[in-house]
Amino acid sequence: MSKWVINENLCKGCGICISRCPLKILAFADHLTAKGVHPAAITDEAKCTSCAICARSCPDVAIEIFKEEK
Amino acid sequence: MKQVFSRPQSLSKKPFHYCPGCDHGVVHRLIAEVIDELEIKDRTIGVAPVGCSVFAYDYFDVDFNQAPHGRAPAVATGIKRVRPESIVFTYQGDGDLAAIGTAEIIHSANRGENITVVFINNAIYGMTGGQMAPTTLIGMKTQTSPYGRDASTAGNPIRMSEMIATLESPVYVTRVTVNNPANLMKTKKALYNAFKLQKEGKGFSFVEVVSICPTNWGKKPADSHKWLTENMLPVFKLGTFKDIHGVEKS
Ligand SMILES: Cc1ncc(C[n+]2csc(CCOP(=O)(O)OP(=O)(O)O)c2C)c(N)n1
Ligand code: SF4
Ligand code: SF4
Ligand code: SF4
Ligand SMILES: [Mg+2]
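Residues numbered from 1 in each chain as written. Chains lettered and ligands numbered in written order. Predicted model: local features only at pLDDT ≥ 70, side-chain atom pairs only at ≥ 80, totals over all residues. Heavy atoms only, no water.

1. Side note on the pattern of salt bridges
Consideration 1: This structure, assessed with the given rule, holds 15 salt bridges over all chains.
Consideration 2: The salt bridge partner of Asp-60 of chain A is Lys-12 of chain A, with a shortest N-O separation of 2.8 Å. You can see Asp-60 of chain A sitting in the loop between helix H2 (53-57) and strand S4 (63-67) and its partner Lys-12 of chain A sitting in the loop between strand S1 (4-6) and helix H1 (16-20), a full 48 residues away along the chain.
Consideration 3: Using a relative accessible area of 12% as the deciding quantity, one classes Lys-12 of chain A as buried.
Consideration 4: The structure contains a network of salt bridges with shared partners spanning Arg-29, Glu-33, Glu-37 and Lys-188 of chain B. (Salt bridge = Lys/Arg side-chain N within 4 Å of Asp/Glu carboxyl O. Helix = DSSP H or I, 4+ residues; strand = E, 2+ residues; numbered from the N terminus. Buried < 20%, exposed > 50% of the residue type's maximum accessible area, 1.4 Å probe, protein only.)

Right under this line is the structure:
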């Protein structure tokens, strides 16, 4: 199961999550969504700390974050 | 795996119609999180403005009303007085609150109505295509100030928080922004404080959120937050202007 889950139907490709991820592991995907935008995508999920900065910054509540339980 | 971030209960499932990157969405979500955390969803009533956030009633899963341009605090006054057990908030832009609704906001604040006002100051009339607002910065180009706002004919940007803080009755008046993750969390805390004060029956609370309008500013969302930081924050200084119950320290 993923730590970083996006609902591409909600993403408007604004890029705010990409600019705010402290680890710089978010980027625009190559494909287009039905809205005609390149959605945000995670490039290296293993590095993700589940800090949720991206999700909290998303104006469209498109991202959900999960954390591994110890 | 444990879910650490999800859509708050008090937001409906409906996708926002706002432009890409617009701060309205973030502030909606923060309000919904606060309603969830204070466990007031069943008795919260919002009042939507006229402006881009006119459809706020579709986005919150709480009762909602919609007021004519600028009249939200008057409508909220009526709702709160007949349903004093409810938690009533208005959500208003700067054209709505600081231009056409100046009388309503000042007198609701002065009467100390036990309501919460969330004021989205993006220095422009967003919905109608980017006209000058009373909050537009000096020199800022808009559809109705194509050479930049000139103080000699259009006056200076109105600082609503400072004005409202001069009144006796309001209990909490603060200005915040969501230009970065740290300030975003401060905005959530301010909204929490404002709704908590109302829940405790303390009186009028006012949260101004200095916000972006990428579309009418003609900038990308990330550049808009930078522009806000460099140009709006020197004029609209962040901070708490009034906190008579010391809610920020409790
Ligand atoms: C009485 C009245 N006058 C004018 C309008 C036109 N109008 C609709 S939205 C708006 C400006 C809204 O700007 P603001 O409150 O700053 O909200 P934003 O869209 O920027 O969030 C105006 C003037 C109206 N609907 N009703
Ligand atoms: S949760 Fe944190 S580390 Fe992971 S993608 Fe989002 S911002 Fe980056
Ligand atoms: S912040 Fe949200 S809407 Fe913007 S690109 Fe990221 S996921 Fe998409
Ligand atoms: S016009 Fe401006 S305030 Fe309105 S939704 Fe678009 S970016 Fe947001
Ligand atoms: Mg506005």
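Text resumes after the structure shown.
2. Here we look at the sheet that holds strand S1 (residues 2-5) of chain B
Consideration 1: The three strands lie next to each other as S1(A)-S4(A)-S1(B), forming an open sheet whose pairing is antiparallel. Only two strands of the sheet have a single partner each, and these edge strands are S1 of chain A together with S1 of chain B. Here the strands of the sheet are splayed against their neighbours by 35° on average, with no regard to which way each runs.
Consideration 2: Summarising the sheet, S4 of chain A and S1 of chain B pair through three bridges and their orientation is antiparallel. In the sheet register, Lys-67 of chain A faces S1 of chain B, and the bridge partner there is Lys-2 of chain B. (Pairing = 2+ DSSP bridges. Axes fitted to C-alpha atoms, helices over the stretch in contact; angles between N-to-C directions.)

3. So, the site of ligand 1
All names here are of chain B.
Consideration 1: By nearness alone, 16 residues border ligand 1, and Asp-94, Gly-95, Asp-96, Gly-126 and Met-127 come closest of all.
Consideration 2: Between Asp-96 and ligand 1, the recorded distance is 2.7 Å, taken from a backbone N or O atom to an oxygen atom.
Consideration 3: Interatomic distance of 2.9 Å between a backbone N/O atom of Met-127 and an oxygen atom of ligand 1.
Consideration 4: Taken by itself ligand 1 offers 590 Å² of open surface, and the protein chains cover 73% of this.
Consideration 5: Structurally, ligand 1 is housed in the largest pocket.
Consideration 6: With four residues, helix H4 (residues 94-100) is the largest single contributor of residues to the shell around ligand 1.
Consideration 7: A class-by-class count of the residues in the shell around ligand 1 yields six nonpolar, eight polar and two charged. (Near = heavy atom within 4 Å. Polar contact = N/O pair within 3.5 Å; in protein donor to acceptor, adjacent residues only side chain to side chain. Areas by Shrake-Rupley, 256 points an atom, 1.4 Å probe, with all protein chains shown as cover. 1 Å grid on protein atoms, 1.4 Å probe; cavity = no way out; pocket = protein on both sides within 12 Å on 5 of 7 lines; lining within 4 Å. Sits in = over half its atoms within 2 Å of the grid points. Nonpolar A, V, L, I, M, F, W, Y, C, P; charged D, E, K, R; others polar.)

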